[in-house]
Amino acid sequence: MRRTFEPGVKEYRATYWRPGYTPDAEGDVVACFRVRPREGVPVEEAAAAVAAESSTGTWTEVYGQALVDLEALQGRVYGLDGDLVYIAYPASLVEPGSVPNLLSGFAGNVFGMKAVAGLRLEDLYLPPSLVRTFPGPSLGIKREREVLGVRDRPLLGGTVKPKLGLGPKEFAAVVEEALSGGLDSTKDDENLADQPFCPFRERVLRVQEAVERAEAATGEKKAHWFNVTGPDTEETLKRAAFAAEAGARAVMVDFVTLGWAGVASLRKLAGEKGLILHFHRAMHAAFTRPRDHGLDFRVLAKLARLAGADHLHVGTAVGKLEGSRDEVRERASLLRDDVTEPQGGVRFRQDWAGLAGTFPVASGGLHPGHLPQLLELLGVDSYLLFGGGTHGHPEGPRAGARAVRVGLEGLLDGKSLEESAESCPELARALEIWGGVRF
């Protein structure tokens, strides 16, 4: 009698279904998948097909198998919990220090298999010995605080608005105003690159002059995050090197669209030049937002820390972008903690083997009225970005930045926003126009 599931020559579960196996915390990579089998396919077979495709399997018997010990390299399906499947893989399957190889193996062909109607990589555990082969953040939270001289509060930033359309001179003027008003940094947005209306090199030179003027005026260290994402890796590295030579402290990269190999090259250069490296998550939601296919953002957060992000946007919860409060908290834990304990959707205890911590960044639809919630949600070791919430202030970016800074410092001193606003008309105005704005 013909089976109702495919492929047809051999059953994967005969080899890869291993419910008695106990993962080795030092020697196994462990993946948690959410599996929706294709109609007619038993869940055990679908799970085993995933284990096979992401390790040693093929659809039929092949000659020459006796020449290698395939069993030692097989993925092993060891647990089922509803639609969650747990698979352990020998760590020797992974090329040390390679995010591309990790994804090609555990988030590659598996998503296109006929045995599954939906497949989502929910979490991924790496043994400490493998974690140590990755570079991690170039500076990390502690060293970046030293660079910018800010030790006891969240750092404050903001994307220049409008994000597109300003020429280099006008762009630099907005940067100077915002930094002079109290922000620690400003930034390009994800789609500002090297367009004719705002050429990259001219923008860098003019903005860096503005940064230096703001530093002189305030007596504080400042930074602008220049988007160095180029059409290829070579141009990306050239842009980052040019920014560093101009005196920039930070650059940013659209890490999903550039690709992980390009990111690895940029991380090397950032380490050599002492650059802060911000990861912008443009395009992530195309594959992290679906709940039954793709991969969860927590996996992306882990990979970003491994690859070298000094900052990563984790969602806003209270702003305009996706991410619940619990999700934002767990993402921050994955980025900052020396050891991440299981919580919410985090299935594994992850020892980060000494990698520096990454700043969780909140941005998107934020204004000074959100400050109490953001402080409660992300704590002191965070980067809070106010783009429209700075530049949309009716009195201009300097006033918007002052409203944010005074509001934050007041909260840390035990004052409410309303109390701080009594002596800060810029904050009072911001609360008047945006206090009721919620997404």
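No experiment lies behind these values; they were computed from the predicted model shown.

A. Quick peek at the confidence of the model for the chain. The share of residues in the chain with pLDDT of 70 or more is 93%, and the mean pLDDT across the chain is 93. Taken as a whole, residues 1-8 scores under 50 in pLDDT and shows 17 contacts with residues more than four places along the chain or in a different chain.

B. Summary view of the packing of aromatic side chains. One pass over the structure, following the stated rule, counts eight aromatic pairs. On the basis of an interplanar angle of 45 degrees and a centroid distance of 6.1 Å, the ring pair of Tyr78 and Tyr86 is categorised as tilted. In this structure Tyr86 comes out as buried when scored by relative accessible area, which is 15%. Ring geometry for Tyr86 against Phe348: centres 6.1 Å apart, planes inclined by 85 degrees, an arrangement best described as edge-to-face. Residue Tyr86 is located in strand 3 (residues 84-90), and its partner Phe348 is located in the loop between strand 12 (339-340) and strand 13 (350-351); the two are separated by 262 residues in the primary sequence. In this pair, the class of Tyr86 matches that of Phe348, namely buried. A connected cluster of aromatic rings, assembled from ring pairs, spans Tyr78, Tyr86, Tyr125 and Phe348. Across the ring face of Tyr21, the terminal group of Arg76 is positioned such that the distance to the ring centre comes to 4.9 Å. Note that Arg239 overlies the ring of Phe200, its terminal NZ or CZ placed 5.7 Å from the centroid.

C. Geometry of the pattern of salt bridges. Across all of its chains, the model carries 36 salt bridges by this definition. For the salt bridge of Glu330 with Arg298, the shortest nitrogen-to-oxygen distance reads 2.7 Å. Pair noted here: Glu330 is in helix 13 (residues 325-336) and Arg298 is in helix 12 (residues 297-307), with a separation of 32 residues, a long-range link. Assessed through its relative accessible area of 4%, Glu330 is described here as buried. Via salt bridges that share partners, Arg34, Asp83, Arg120, Glu122, Asp296, Arg298, Glu330 and Arg347 belong to a single interconnected network.

D. Layout of the sheet that holds strand 6 (residues 185-187). One open sheet accounts for eight strands, arranged 5-15-14-11-9-8-7-6; its pairing is parallel. One side of each edge strand has no neighbouring strand; the edge strands of this open sheet are strand 5 (155-157) and strand 6. Across the sheet, the mean angle separating the axes of adjacent strands is 25 degrees when strand polarity is ignored. Both strand 6 and strand 7 (residues 223-227) contribute to a ladder of three bridges, which runs parallel. The residue of strand 7 that forms the bridge with Ser185 is Ala223. This element, helix 5 (residues 140-148), spans strand 5, strand 7, strand 9 (276-280), strand 11 (311-313), strand 14 (359-362) and strand 15 (383-385) of the sheet and lies at about 70 degrees to strand 14.

E. Geometry of the side chain of Ser138. Position of Ser138 among the secondary structure elements: in the loop between helix 4 (128-131) and helix 5. When its relative accessible area of 11% is taken as the criterion, Ser138 is described as buried.

F. How the structure looks around the packing of helix 7 (residues 200-218) against helix 8 (residues 233-245). Their axes nearest at 10 Å, the elements helix 7 and helix 8 cross at an angle of 25 degrees. Our classification of the angle between helix 7 and helix 8 gives roughly parallel. Between helix 7 and helix 8 the crossing geometry is right-handed. Along the contact surface, helix 7 presents Phe200, Arg201, Val204 and Leu205, while helix 8 presents Arg239, Phe242 and Ala243. Residues of the contact of helix 7 with helix 8, tallied by class, amount to five nonpolar, no polar and two charged.

Analysis parameters
Residues numbered from 1 in each chain as written. Predicted model: local features only at pLDDT ≥ 70, side-chain atom pairs only at ≥ 80, totals over all residues. Heavy atoms only, no water. pLDDT = per-residue confidence, 0-100. Contact = heavy atoms within 4.5 Å. Phe/Tyr/Trp six-rings, centres within 6.5 Å; stacked < 30°, edge-to-face > 60°. Buried < 20%, exposed > 50% of the residue type's maximum accessible area, 1.4 Å probe, protein only. Helix = DSSP H or I, 4+ residues; strand = E, 2+ residues; numbered from the N terminus. Lys NZ or Arg CZ within 6 Å of the ring centre and 35° of its normal. Salt bridge = Lys/Arg side-chain N within 4 Å of Asp/Glu carboxyl O. Pairing = 2+ DSSP bridges. Axes fitted to C-alpha atoms, helices over the stretch in contact; angles between N-to-C directions. Parallel < 35°, antiparallel > 145°, perpendicular 65-115°, else oblique. Left-handed = near helix turned anticlockwise from the far one by under 90°. Nonpolar A, V, L, I, M, F, W, Y, C, P; charged D, E, K, R; others polar.

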